[in-house]
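# Summary of the model geometry
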Amino acid sequence: MTSFIIPVYIVFIGIGLLIAAYLTARVRNYIYEQTVLDGNIRFKSSLSARGLAMLMFTNLLIVIFTLGLGTPWVKVRLARYYANNTLVAADVDLSEFVSIKQQEQSSLGEQIGDAFDVDIGITL
């Protein structure tokens, strides 16, 4: 009975990894294609479901064989894969864009912070 259950679990885990990789890649690519910042800055994601599935499978093996000690390394590998497959296309210089947005920033945030700042004094 055990000889039947273990392969079934392995197949289910494999199918789950494939489905998760496919959905993650497709949703991320779609969201990044639709994201535009002030009409000047566009984002693009080039994740492939196959590449992400292979990364997820090897990451799973790393976590299993290191008894969880490889988890930080796995997170770094995944973040690096995402970063390598992300592109930011800007018509303007990004530092110029940031400086313009900082100048446009109002004091609304400070005012809201002051409004919700509640001092509680407890005396014993």
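Residues numbered from 1 in each chain as written. Predicted model: local features only at pLDDT ≥ 70, side-chain atom pairs only at ≥ 80, totals over all residues. Heavy atoms only, no water.

## Considering the packing of aromatic side chains
- Counted under the stated rule, the structure contains one aromatic pair.
- Taken together, a centroid distance of 6.4 Å and an interplanar angle of 75° make the contact between Tyr32 and Phe43 edge-to-face. Here Tyr32 is found in helix α1 (residues 2-34), whereas its partner Phe43 is found in strand β2 (residues 41-45), with 11 residues between them in sequence.
- For Phe43, a relative accessible area of 24% puts it in the partly exposed group.
- The ring of Tyr32 carries Arg28 above its face, with NZ or CZ at 4.4 Å from the centroid. (Phe/Tyr/Trp six-rings, centres within 6.5 Å; stacked < 30°, edge-to-face > 60°. Helix = DSSP H or I, 4+ residues; strand = E, 2+ residues; numbered from the N terminus. Buried < 20%, exposed > 50% of the residue type's maximum accessible area, 1.4 Å probe, protein only. Lys NZ or Arg CZ within 6 Å of the ring centre and 35° of its normal.)

## Digging into the sheet that holds strand β3 (residues 86-90)
- What the three strands build is an open sheet, ordered β1-β2-β3; its pairing is antiparallel. A strand with exactly one partner marks an edge of an open sheet, and here the two such strands are β1 (36-37) and β3.
- Taken together, the five bridges between β2 and β3 define a ladder with antiparallel strand orientation. Across the sheet, the residue bridging to Ser45 is Thr86, located in β3. (Pairing = 2+ DSSP bridges.)

## Section: the packing of α1 against helix α2 (residues 49-65)
- Where α1 meets α2, the closest approach of the two axes is 8 Å, and the angle between their N-to-C directions is 135°. Between α1 and α2, the interaxial angle falls into the category oblique. Our pair here, α1 against α2, has a crossing hand that is right-handed. Together, Ile13, Leu17, Leu18, Ala20, Ala21, Tyr22, Thr24 and Ala25 of α1 and Ala49, Leu52, Ala53, Met56, Phe57 and Leu60 of α2 make up the contact between the two elements.
- In the contact of α1 with α2, the residues fall into 13 nonpolar, one polar and no charged. (Axes fitted to C-alpha atoms, helices over the stretch in contact; angles between N-to-C directions. Parallel < 35°, antiparallel > 145°, perpendicular 65-115°, else oblique. Left-handed = near helix turned anticlockwise from the far one by under 90°. Contact = heavy atoms within 4.5 Å. Nonpolar A, V, L, I, M, F, W, Y, C, P; charged D, E, K, R; others polar.)

## A few points about the side chain of Arg28
- Its place among the elements puts Arg28 in helix α1.
- There is no salt bridge for the buried Arg28, and the closest opposite charge comes from Glu33, which lies 9.8 Å off by N-O distance.
- A polar contact of 3.0 Å, which involves the side chain of Arg28, links it to the side chain of Thr86.
- Dropping the residues within four chain positions of it, Arg28 is found in contact with Ser45, Leu47, Tyr82, Asn85 and Thr86. (Lys, Arg positive; Asp, Glu negative; His and termini not counted. Salt bridge = Lys/Arg side-chain N within 4 Å of Asp/Glu carboxyl O. Polar contact = N/O pair within 3.5 Å; in protein donor to acceptor, adjacent residues only side chain to side chain.)

## Description of the pattern of salt bridges
- Applying the stated rule across the entire model yields one salt bridge.
- Of the charged contacts in the structure, one is a salt bridge between Glu33 and Lys44, with a shortest N-O distance of 3.5 Å. Of this pair, Glu33 sits in helix α1 while Lys44 is found in strand β2, placing the two residues 11 residues apart along the sequence.
- For Glu33, a relative accessible area of 39% translates into the label partly exposed.
- You can call Lys44 partly exposed: its relative accessible area is 41%.

## A word on the side chain of Asn29
- Mapped onto the fold, Asn29 is located in helix α1.
- Here Ser45 takes part through its side chain, which lies 2.8 Å from a polar atom of the side chain of Asn29.

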